[in-house]
Amino acid sequence: MSDHPLLGAGNHDSSHYGTSDRSTNSLVLPEYDEQNRQMVEKRLLRKLDLRVAFLVLIYIMSCMDRTNAAAARLRGFEEDLGMTGNQFNTVMSIFYVGYLLTQTPSNMFLDRMTRPSLYLSSCMAIWGAITVFIGVAQTYHAILILRFMLGFVEAAFFPGAIFLLSRWYKRNELGFRTALLACGSSISNAFSALIASGILASLDGTLGFTGWRWLFFVEGALTIVVAVSAIWVLPDFPSSPSVWLLADEQTLAQRRMEEDVAAGNEHKGTPVAGWSGLVEALTDWKVWWLGAALILMDASLSFRIFFPTLSATMGYNSTVTLLLCAPPWILGTATSFLVARHSDATGDRFWHTAGPLFVAIVGFMIAISTMNAAVRYLSLFFMAQAPVAHIVSLTWVMNTFSQSRSKRAAAIALINAMSSLGYIGSSYFWPSRWGPSYVNSYIMCILTSTMSIVMFWMFRGHLSRCNDAAEAEEQALGLPKGFRYLL
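Predicted model, so just to flag it, every value in this text is computed and none were measured.

Parameters and conventions
Residues numbered from 1 in each chain as written. Predicted model: local features only at pLDDT ≥ 70, side-chain atom pairs only at ≥ 80, totals over all residues. Heavy atoms only, no water. Helix = DSSP H or I, 4+ residues; strand = E, 2+ residues; numbered from the N terminus. Axes fitted to C-alpha atoms, helices over the stretch in contact; angles between N-to-C directions. Left-handed = near helix turned anticlockwise from the far one by under 90°. Contact = heavy atoms within 4.5 Å. Expected span 1.5 Å × (residues − 1). Buried < 20%, exposed > 50% of the residue type's maximum accessible area, 1.4 Å probe, protein only. Polar contact = N/O pair within 3.5 Å; in protein donor to acceptor, adjacent residues only side chain to side chain. 1 Å grid on protein atoms, 1.4 Å probe; cavity = no way out; pocket = protein on both sides within 12 Å on 5 of 7 lines; lining within 4 Å. Points joined across faces, edges and corners; volume = space filled by probe spheres on them. Nonpolar A, V, L, I, M, F, W, Y, C, P; charged D, E, K, R; others polar.

**Student:** What am I meant to see in unusual backbone geometry here?
**Tutor:** Comment: phi is negative for the bulk of residues other than glycine, and the bulk of peptide bonds are trans. Residues Gly435 and Pro436 are joined by a peptide bond in cis, for which omega reads 0 degrees. Among the structural elements, Pro436 can be located in the loop between α17 (405–426) and α18 (439–477). Located in the positive-phi region is Tyr438, a residue other than glycine, with phi close to 55 degrees. Within the fold, Tyr438 resides in the loop between α17 and α18.

**Student:** What is the right way to look at the packing of helix α13 (residues 318–346) against helix α15 (residues 373–383) in this model?
**Tutor:** Describing two packed helices takes the angle between their axes plus the distance from one axis to the other. Two elements in contact, α13 and α15, have axes whose closest approach is 8 Å; the angle formed by their N-to-C orientations is 35 degrees. Like other packed secondary-structure pairs, α13 and α15 cross with a definite hand, here right-handed. Taken together, the residues of α15 that come into contact with α13 (itself represented by Leu324, Pro327, Pro328 and Leu331) are Tyr377, Leu380 and Phe381.

**Student:** Looking at this structure, how should I read helix α11 (residues 285–300)?
**Tutor:** Helical periodicity: at 3.6 residues per turn, an α-helix aligns residues three or four positions apart in one direction. End to end, α11 covers 23 Å across 16 residues, agreeing with the expected 22 Å (1.5 Å per residue, within 8%). Those residues of α11 that fall on the buried side of the exposure criterion are Lys286, Val287, Leu290, Gly291, Ala293, Leu294, Leu296, Met297, Asp298, Ala299 and Ser300. If you follow the buried residues of α11, they end up packed against α10 (276–282), α14 (350–369), α16 (387–400), α17 and α18. Sitting at the head of α11, Asp284 places a side-chain oxygen 3.0 Å from the backbone nitrogen of Lys286.

**Student:** I tried to follow the layout of surface pockets on my own but got confused; where do I start?
**Tutor:** If a probe the size of a water molecule is rolled over the atoms, the empty space left behind becomes visible. Of the pockets and cavities examined, the second largest pocket occupies roughly 170 Å³. Lining the second largest pocket are Arg51, Arg115, Ser117, Ile231, Trp232, Leu234, Asp236, Pro241, Ser242, Val243 and Trp244. Counted by class, the lining of the second largest pocket contains six nonpolar, two polar and three charged residues.

In structure tokens form, the structure reads like this:
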């Protein structure tokens, strides 16, 4: 597919419902619907946002189930399972191996489903059961197998949820909604620490099980309960009949997506046959470039997996250590909303990606410079600002590949899967022998952050040149303004 914005791209700023700047065969709704669009659209978005809020709850449970081993580590997880050396790092890393393998085929399968709500809910129930089984595992190798299976199943959710959002929301609405979803990770980091501190302290020894086993039992059971509820709450695609939408809302939901990619879209009005969207994504260099940039970014964000360990370097007991994890993530969640909202309002993606990474680099440098407990705790607040960069970059991916539904599904899954490679390798950035200062670990995070920023800067330059070429061609041929890449 050509990089030129005029080839295979649509204008998302169409001001008339059912029309576009260049499409002459778009359907035009009756005048009554034209006059009432704003009211119907407001009602539609309100209903959608309520269901997206439930997606956030699911993602919170997903993040809790994948990271609770870090909290369990503080209360005998390694000792009870006889782990030595880098085996705990391997336990954390193996999750992302399974996560990497499933994302792309899962999203391509999801694109062909009529009931994504049932598919995502089923996956959630399965990973909840796996989490419970981790609580009864007796050996290191059993934990490895279960963690791999957990990643294999959990991989269906996040890229699937991102794709689901892109099927309901327009380009200028996606940033905030994606942030709302992805902030589930920060919310999970904050409140899972609080929940873990309560479970580990109060249930230790109950029915003969240690506290860390109860952590997996309780969180796995909660996940299953939420999964059952999700069957009736999660939305399907706009083209699927929805009992929670009125007829005019359903029609508008479909038309909004047509408007968003209407003009010049080579796939407009025709289904994408077979796996052509996957082939298009695989042969587009931008997918690989963004994937590599996100590998580096996620490697720099690996501190999230070991946040309780970093908090423990301040010397407090396990309960206080877990409680101290919450405030940095609460602040990080709040700033994520602000950054994502501002990114949508301004249409800027690069600086809203690079900015949080620069703030995190400051935090890494502070942590390197001292072992003072108060100052190192301050550094955690700076680091917790970084994850919003991942949120904005994922929105940028959806904006860049918005022209073809099938290609967008494949691109989201491929790029998110590639980014998992960053966590697979960077889980070994934090060996115990580098503690408690973890200077070498922080240096690795600084290097990967900087390289990621450079790659995004180069990508922005390419898109800017494509936009300039499109504008020059429009002026030369007398065409109306068309699709523009967001920068």
